[in-house]
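# Results of the structural survey
The residues making up each chain are set out below.
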Amino acid sequence: MNRQRTAQIVTIALLVAALGVVLGRKNGWKMPIALPMRAAAAVTPQDTIYAMLDAAREGNVRKYVANYTGQMEAALNQSIAEQGDARFAQYLKDSNASIKGIAITEPQTLTDVEVKVRVEFVYQERNEVQFMYLDKTAGNWKIARVDSEERVKTLVPYGTPVQ
C-alpha cells in the first residue's frame, strides 16, 4: 500500500469517527472523557443540608444517615436498628411530604470546623425555623446537632391567591 492510499484510509476513518460523534451527541449520547478532571469544589454546609433533605424525600436511609456525624448519627442508627430500614424510610418520606419549600441562610462560622445554619421549612399552613450545627470532618460537612424547631409567624400563608 502506498502513502497516498494510507492517507485516504486514515482520512476516511477520521471522517467516519467524527460523524459518529456528531450523531451520537445529537441523540444524547455522552462520550467518556479520559482527561484528568479538576478537583471538585468543597461541599458546602448548605449542600449537606440539601443532600439530607433529598435523601429523606426519597426515603434513602443510608444517604440520609451519611449526612450526620457524632451523637446524631449514633441516635439515627439506633432508631433504624429498632424499627428497621423500611419503617424508617417511610417515616422519612412521611415527615417530608408536607414541606413546600426550604430557605437556608449563609452559615455562621463558630470555629474553623463548626458552623451554624438557619433552616426555614415552609409548610402549607405554617413556617418553622431550625438551627443546624455542622462539623467539618475529613473535608466534608456533616450535621452534628440540631435545635428544636420553632414556629415562625407568617404574614401570608403558602398558596394564598394573589389579589
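Look a little higher up for the structure.
Residues numbered from 1 in each chain as written. Predicted model: local features only at pLDDT ≥ 70, side-chain atom pairs only at ≥ 80, totals over all residues. Heavy atoms only, no water.

Let us look at the layout of surface pockets. Estimated volume of the largest pocket: approximately 340 Å³. Residue lining of the largest pocket: 19 residues in total, with Tyr64, Tyr68, Tyr91, Ser95 and Gln130 positioned closest to the centre. Among the elements of the structure, α2 (45-58), α4 (70-83), α5 (85-97), β3 (114-123) and β4 (127-137) are those that each provide at least two residues to the lining of the largest pocket. Looking at the lining of the largest pocket element by element, the count peaks at five residues for α5. Residues of the lining of the largest pocket, tallied by class, amount to 15 nonpolar, three polar and one charged. (1 Å grid on protein atoms, 1.4 Å probe; cavity = no way out; pocket = protein on both sides within 12 Å on 5 of 7 lines; lining within 4 Å. Points joined across faces, edges and corners; volume = space filled by probe spheres on them. Helix = DSSP H or I, 4+ residues; strand = E, 2+ residues; numbered from the N terminus. Nonpolar A, V, L, I, M, F, W, Y, C, P; charged D, E, K, R; others polar.)

Further remarks concern unusual backbone geometry. Peptide bonds are trans in most cases, and residues, glycine excluded, mostly fall at negative phi. At Ala138, a position not held by glycine, the phi torsion is positive, near 55°. Tracing the backbone shows Ala138 in the loop between β4 and β5 (140-146). The exposure class assigned to Ala138 is exposed, which follows from its relative accessible area of 83%. (Buried < 20%, exposed > 50% of the residue type's maximum accessible area, 1.4 Å probe, protein only.)

Quick look at the side chain of Thr69 now. On the secondary structure map, Thr69 appears in the loop between α3 (61-65) and α4. When near neighbours in sequence (up to four residues on either side) are disregarded, Thr69 contacts Thr137, Lys142, Ile143 and Ala144. (Contact = heavy atoms within 4.5 Å.)

Next up on the list: the environment of Lys116. With respect to the secondary-structure elements, Lys116 resides in strand β3. We classify Lys116 as partly exposed; its relative accessible area is 22%. Each C-alpha atom of the pair Lys116 and Asp135 lies 9.2 Å from the other, and the pair is 19 residues apart in sequence. Ignoring anything within four residues of it in the chain, the contact list for Lys116 reads Glu106, Pro107, Gln108, Leu110, Phe131, Met132 and Tyr133.

Contact pair α4 / α5: the axes reach a minimum separation of 6 Å and the direction vectors enclose 120°. With respect to each other, α4 and α5 are oriented oblique. Touching Leu76, Ser79, Ile80 and Gln83 of α4 are Asp85, Arg87 and Phe88, all from α5. Of the residues assigned to the contact of α4 with α5, the class counts are three nonpolar, two polar and two charged. (Axes fitted to C-alpha atoms, helices over the stretch in contact; angles between N-to-C directions. Parallel < 35°, antiparallel > 145°, perpendicular 65-115°, else oblique.)

Let us now look at the pairing of strand β2 (residues 108-111). On any regular strand, side chains alternate: one points to one face of the sheet, the next to the other face. As paired elements, β2 and β3 share three bridges and run antiparallel to each other. Among the inter-strand pairings, Thr109 is bridged to a residue of β3, identified as Val115. Between β2 and the antiparallel strand that follows it, β3, lie two residues. (Pairing = 2+ DSSP bridges.)

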